[in-house]
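# Chains, contacts and geometry: an overview
In case you want the letters, here they are:
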Amino acid sequence: MTGRYYEEFAVGETIEHAKRRTISEADNQRFCDMTMNQQPLHLDADFAAETQFGERLVNGLYTMSLAVGVSIPETTDGTIVANLSYDGVEHPNPVFHGDTIRARSTVVDKRETSDGERGVITMRVEAFKVVDGGDDVLVCEFERTVLSQKRPADGDGSAD
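To start, this report covers the structure provided alongside it. (Residues numbered from 1 in each chain as written. Predicted model: local features only at pLDDT ≥ 70, side-chain atom pairs only at ≥ 80, totals over all residues. Heavy atoms only, no water.)

Okay, the nonpolar core next. Ranked by size, the top nonpolar core spans 17 residues in total, and within it I23, I101 and F142 carry the most contacts. For this core, the secondary-structure elements that each account for two or more residues are α4 (60-75), β4 (100-112), β5 (118-129) and β6 (137-149). Looking at this core element by element, the count peaks at six residues for α4. Counting six residues, the second largest nonpolar core, distinct from the first, contains Y6, V107, M123 and V146. (Core = buried A, V, L, I, M, F, W, Y, C linked by side-chain atoms within 4.5 Å. Buried < 20%, exposed > 50% of the residue type's maximum accessible area, 1.4 Å probe, protein only. Helix = DSSP H or I, 4+ residues; strand = E, 2+ residues; numbered from the N terminus.)

The following block contains the structure:
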């Protein structure tokens, strides 16, 4: 387990996630197939060539899911009770096959549950397209709210 317990999150803290992923055509195809999303903008090169983008776009829900996935080790791996919501999802820039994505999370809120036994953490997650020699480009952002375990009273639940 590498995730954090409720007490280990600090409002205002930004966590740069170490994992990155270069998105392949096969990744995008599989995600569209699994979710039954046959939007030609994601799958049909001829169709996409005639759009303002000029090529197929990676499914935005895949980009969002990838951002969540790469954030798990440093945030909620083994310490989450449940994902409660994903809010304010935006895709300000497109993602194409071959783009490498990285993510970061900023803790924007935390509070104990009414019974005091767990905690609710809200993080602003941002996904970026890595640009060699330039500024990375924001491609997806959203708030993720999770129900988190608190550190066990015996102190034997180290996230280390």
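This is not the end of the story, as more comes after the structure.
Glancing now at the packing of aromatic side chains. For the structure shown, the criterion picks out two aromatic pairs. Taking NZ or CZ as reference, R102 lies 4.3 Å from the ring centre of F128, over its face. Above the face of the Y6 ring, K110 is positioned so that its terminal group lies 4.4 Å from the ring centre. (Phe/Tyr/Trp six-rings, centres within 6.5 Å; stacked < 30°, edge-to-face > 60°. Lys NZ or Arg CZ within 6 Å of the ring centre and 35° of its normal.)

Turning our eyes to something else, we now look at the side chain of T106. Relative to the assigned elements, T106 resides in strand β4. Judged by its relative accessible area of 19%, T106 is buried.

The next subject is the side chain of H42. Structurally, H42 is set in helix α2 (residues 40-43). H42 gets classed as buried once you look at its relative accessible area, which sits at 11%. Every residue in contact with H42, bar those within four places of it in the chain, is listed here: N28, C32, N37, R56, L57, V58, N59 and G60. (Contact = heavy atoms within 4.5 Å.)

What follows is about the pattern of salt bridges. In total, this model carries 12 salt bridges according to the counting rule given. Between E25 and R56 there is a salt bridge, with its nearest N and O atoms 2.8 Å apart. Of the two residues, E25 sits in helix α1 (residues 25-34) while R56 sits in the loop between α3 (45-49) and α4, which places them 31 residues apart along the sequence. Classification of R56 by relative accessible area gives buried; the value is 18%. A salt bridge links D136 to R102; its shortest N-O distance comes to 2.6 Å. Separated by 34 residues along the polypeptide, D136 in the loop between β5 and β6 and R102 in strand β4 bring together distant segments of the chain. (Salt bridge = Lys/Arg side-chain N within 4 Å of Asp/Glu carboxyl O.)

In this section: α4. A rise of 1.5 Å per residue sets the reference length of α4, with its 16 residues, at 22 Å; its end C-alpha atoms lie 22 Å apart and thus fit the reference within 8%. If you check which residues of α4 are buried, you get G60, Y62, T63, M64, L66, A67, V68, V70, S71 and T75. Taking the backbone nitrogen of L61 as reference, a side-chain oxygen 2.8 Å away marks N59 as the first, capping residue of α4. (Expected span 1.5 Å × (residues − 1). Polar contact = N/O pair within 3.5 Å; in protein donor to acceptor, adjacent residues only side chain to side chain.)

Position of E13 among the secondary structure elements: in the segment before β1 (14-16). Linking E13 and S105, residues 92 residues apart in sequence, is a C-alpha distance of 8.3 Å. Excluding anything up to four places from it in sequence, E13 contacts R4, E8, S105, T106 and V107.

The next thing to look at is α1. Residues D27, N28, F31 and C32 constitute the buried set of α1. Looking down the long axis of α1, one finds its buried residues gathered within 125° of arc, a one-sided arrangement. Buried residues along α1 sit in contact with β2 (21-22), α2 and α4. Two residues or fewer after α1 comes M36, characterised by a positive phi angle close to 60°. (Arc of directions from axis to C-beta.)

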